[in-house]
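Overview (structure and organization)
The primary structure of each chain is shown beneath.
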Amino acid sequence: MTYYLLCIETTLIETAGRDMADYGHELLFGTFITPQADQADRVVALAQLTEQVGLDLVTIQDHPYQARFLDTWTLLSVIAASTSTLRVSPNVANLPLRPPAVLARSVATLDILSGGRVELGLGAGAFWDAIAAMGGRRLSPAEGVDALEEAIQIIRAIWSTDSRAVRVDGKHYRVWGAHPGPAPAHDVGIWVGSYKKRMLGLTGRLADGWLPSSSYAGPDALPAMNAAIDEAALEAGRQPADVRRLYNIGGSFAERGTGFLNGPAHMWAEQLAELTLTQGMSGYIVMGDDPDVIRRFAAEVAPAVQELVAAERAGRTNPQPGDTNDDQHHASRGDTHDDREHVASGDAQGDRDHGARSDREPAPPTTASPTSGTPVRPVVRTSALAAVPTPDDGTRLSDVQVWDETTRPTGPAPDPNRQYTAHEQASGGHLIEVHDHLRQELHNVRQLVEQVAAGTMDPGTARSQINEMTMRQNNWTLGVYCQSYCRVVTTHHTLEDISVFPHLRHAMPELAPVVDRLEQEHHAIHDVLEGVDRALVALVTEPDGLKSLRAAVDLLTDSLLSHLSYEERELVEPLARLGFS
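As the structure is a computational prediction, the values presented were derived from the model and not from experiment. (Residues numbered from 1 in each chain as written. Predicted model: local features only at pLDDT ≥ 70, side-chain atom pairs only at ≥ 80, totals over all residues. Heavy atoms only, no water.)

**So, the overall build of the chain**
- Counting its regular elements, the chain contains 16 helices and 17 strands.
- The buried share among the 581 residues of the chain stands at 56%.
- Considering only contacts in the chain between residues 6 or more positions apart, those separated by 24 or more positions represent 75%.
- If you sum the accessible surface of the chain, you get close to 24200 Å²; carbon and sulfur atoms cover 51% of it. (Helix = DSSP H or I, 4+ residues; strand = E, 2+ residues; numbered from the N terminus. Buried < 20%, exposed > 50% of the residue type's maximum accessible area, 1.4 Å probe, protein only. Contact = heavy atoms within 4.5 Å. Areas by Shrake-Rupley, 256 points an atom, 1.4 Å probe, with all protein chains shown as cover.)

Structural data, given as structure tokens:
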């Protein structure tokens, strides 16, 4: 297949008077979700999914005049309250309809309440007819830039508690004598959405970040725009690296590449890594409301970009086959590369969907190292599979057998010589992580039963706590890895739409008997869990209720631990090789 690394012509860079640059910022990955008012639950669920799959940031467009949309700031507050690690930001805040002093306090308040998880995307405004219809002032483009500059001054003054009063006497905003505060919990970044010369200059002089969209500023436009920001930053006594570069991106996953972000996941990763290494872009925010795209972006694209960029930054220009990757902390998200050929000394990685690349096909173009200028090519590091399935120790507490373990089928043996990238390692290891969570829940169930037996907890409370656990929320009878098994621990049924089992059947037909057996065992586990619930209900009415409850929990322990070990034994390696979807 043809490899579409990002095409940024050298002539464009030379015209802009700017060398290729990597500013060294930490990489961020996030989502850009549409705030549809008639799908409010789904909007919040997609934001929760963003956190659950390991992305860093969720952003929401801000168009207060759009009657079909939820109010952005209220929505961001709900999202922040519904998550624990996710950063939130408007993308971008509509300044003409949000007075800067009030906006500053709103940002600071939510940042305090969320533990420092708010950033401020900010724009000068557009769609002036709609703004005027909502009671906002109609400004010319030049006036909008001036108003934004005044607003940034006011916002930063409100956040600063060093002065007694805020005094900004601007043409568009006059804040005279307002008391500053509260201060945000962390240094909130002001990320400006800008495209034209004056706005780019303002970004370089005043902003903490630049937030364009690929639909308005394609990759070929970035060199000149970056050069304008860099020049303005230097003229203002700042460094170009003081301005983080983020990018709202849209694309589609496909078997073969046809352009920028239209192709297989590894092509997305190569293109985005190229943007980081040559244009300094360090935040990638995928636009759209498809949970499948969000999951694939997190599982296949983000960790691969991390790997490629980390390897370049570390100067790893020619790793040898079999080298291990020491940067495992970059592999928190899984990848689903299929039968990829891993080669050294500049040969490109194979097509994920169609096996290794033919030697007759052209290799992807080289890039220049931002530190040495030496032509190098990003290479994904590989190693043997490190994820070790949890063995079944054979201990059984119950005399009852839910199934005959001797009839369990076994899948084909894996290739002992196959190497895996760090993000493939994460895909295989993730199943074990989820299972460990369920094992911990099982331990908690047994503790609850003992508390009921000791009289320190009533059966109703124990039943309520058990029913809130992932093992009860997961619909075992579906035969799919919903919620936890798709990196999603959530009760929102709108997101239970990825089926790992059909994917594995299609990608590896030899595994079908194993998948069928696992589905059967899922149904059996559902029945065992129902038995525990019935035993809790009967505890208060039957004389031997406690004995029956302990027997039900023992049976759950035997069946669940046996099943999880079997599942890991059969699926850890295929998931590392084939991915989750």
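**Section: the pairing of strand E7 (residues 174–178)**
- Two strands pair when backbone bridges link them, and strand E6 (residues 166–169) and E7 are joined in this way by four bridges, in the antiparallel orientation. Residue pairing across strands places Val 166 opposite Ala 178, the latter belonging to E7.
- Here E6 hands over to E7 after four residues, the two strands then running antiparallel side by side. (Pairing = 2+ DSSP bridges.)

**Structural notes on the sheet that holds strand E8 (residues 190–192)**
- Taken in spatial order, the nine strands line up as E3-E2-E1-E13-E10-E9-E8-E5-E4 in an open sheet, and their pairing is parallel. Single-partner strands in this sheet number two, and they are strand E3 (87–90) and strand E4 (93–94).
- By the bridge criterion, four bridges tie strand E2 (residues 57–60) to E3 in an arrangement that is parallel. Pairing of Val 58 across the sheet is with Val 88, part of E3.

**Notes on the packing of helix H9 (residues 265–279) against helix H10 (residues 291–313)**
- Close contact between H9 and H10 brings their axes to 8 Å; oriented N to C, the two are set at 40°. Relative to H10, H9 is oriented oblique. Crossing of H9 over H10 shows right-handed handedness. The segment H9 lies against H10, with Ala 265, Trp 268, Ala 269, Glu 270, Leu 272, Ala 273, Thr 276 and Leu 277 engaging Arg 296, Phe 297, Glu 300, Val 301, Ala 304, Val 305, Leu 308, Val 309, Glu 312 and Arg 313.
- Taken together, the residues of the contact of H9 with H10 break down into 12 nonpolar, one polar and five charged. (Axes fitted to C-alpha atoms, helices over the stretch in contact; angles between N-to-C directions. Parallel < 35°, antiparallel > 145°, perpendicular 65-115°, else oblique. Left-handed = near helix turned anticlockwise from the far one by under 90°. Nonpolar A, V, L, I, M, F, W, Y, C, P; charged D, E, K, R; others polar.)

**Considering the environment of Met 225**
- Secondary-structure assignment places Met 225 in helix H8 (residues 222–235).
- Residues Met 225 and Tyr 195, spaced 30 residues apart in sequence, show a C-alpha to C-alpha distance of 7.3 Å.
- When residues no more than four places from it in sequence are discounted, the contact partners of Met 225 are Tyr 195, Leu 200, Trp 210 and Ala 217.

**Considering the confidence of the model for the chain**
- For the chain, mean pLDDT is 80; residues scoring 70 or higher make up 77% of the total.
- Segment residues 1–17: pLDDT under 50, and 43 contacts once partners within four positions in sequence are set aside and those in other chains are kept.
- Here residues 316–380 is a poorly scored stretch, pLDDT under 50, and it has 168 contacts once near neighbours within four places are set aside; other chains count. (pLDDT = per-residue confidence, 0-100.)

**A word on helix H7 (residues 197–206)**
- For H7, every residue scored as buried is listed here: Met 199, Leu 200, Gly 201, Leu 202, Thr 203 and Gly 204.
- Residues of H7 that are buried make contact with helix H6 (141–159), E8, strand E9 (209–210) and H8.

**What about the pattern of salt bridges?**
- In the structure shown here, the tally under the stated rule is 24 salt bridges.
- Measuring nitrogen to oxygen at the nearest pair gives 2.8 Å for the salt bridge that ties Arg 98 to Asp 62. Taken together, the positions of Arg 98 in the loop between E4 and helix H4 (100–113) and Asp 62 in the loop between E2 and helix H3 (72–82) put the pair 36 residues apart, joining distant regions of the chain.
- Judged by relative accessible area, Arg 98 falls into the buried class, the value being 14%.
- Relative accessible area serves as the criterion here: at 2%, Asp 62 is assigned to the buried category.
- One salt bridge in this structure joins Arg 295 and Asp 292, with 3.7 Å as the shortest N-O distance. Separated by three residues within a single helix, Arg 295 and Asp 292 lie in helix H10, roughly one turn from each other.
- Of the residues examined, Arg 295 reaches a relative accessible area of 6% and is grouped as buried.
- Overall, Asp 292 belongs to the partly exposed group, its relative accessible area being 31%.
- Three or more residues are tied together by salt bridges with common partners; here these are Asp 62, Asp 71 and Arg 98. (Salt bridge = Lys/Arg side-chain N within 4 Å of Asp/Glu carboxyl O.)

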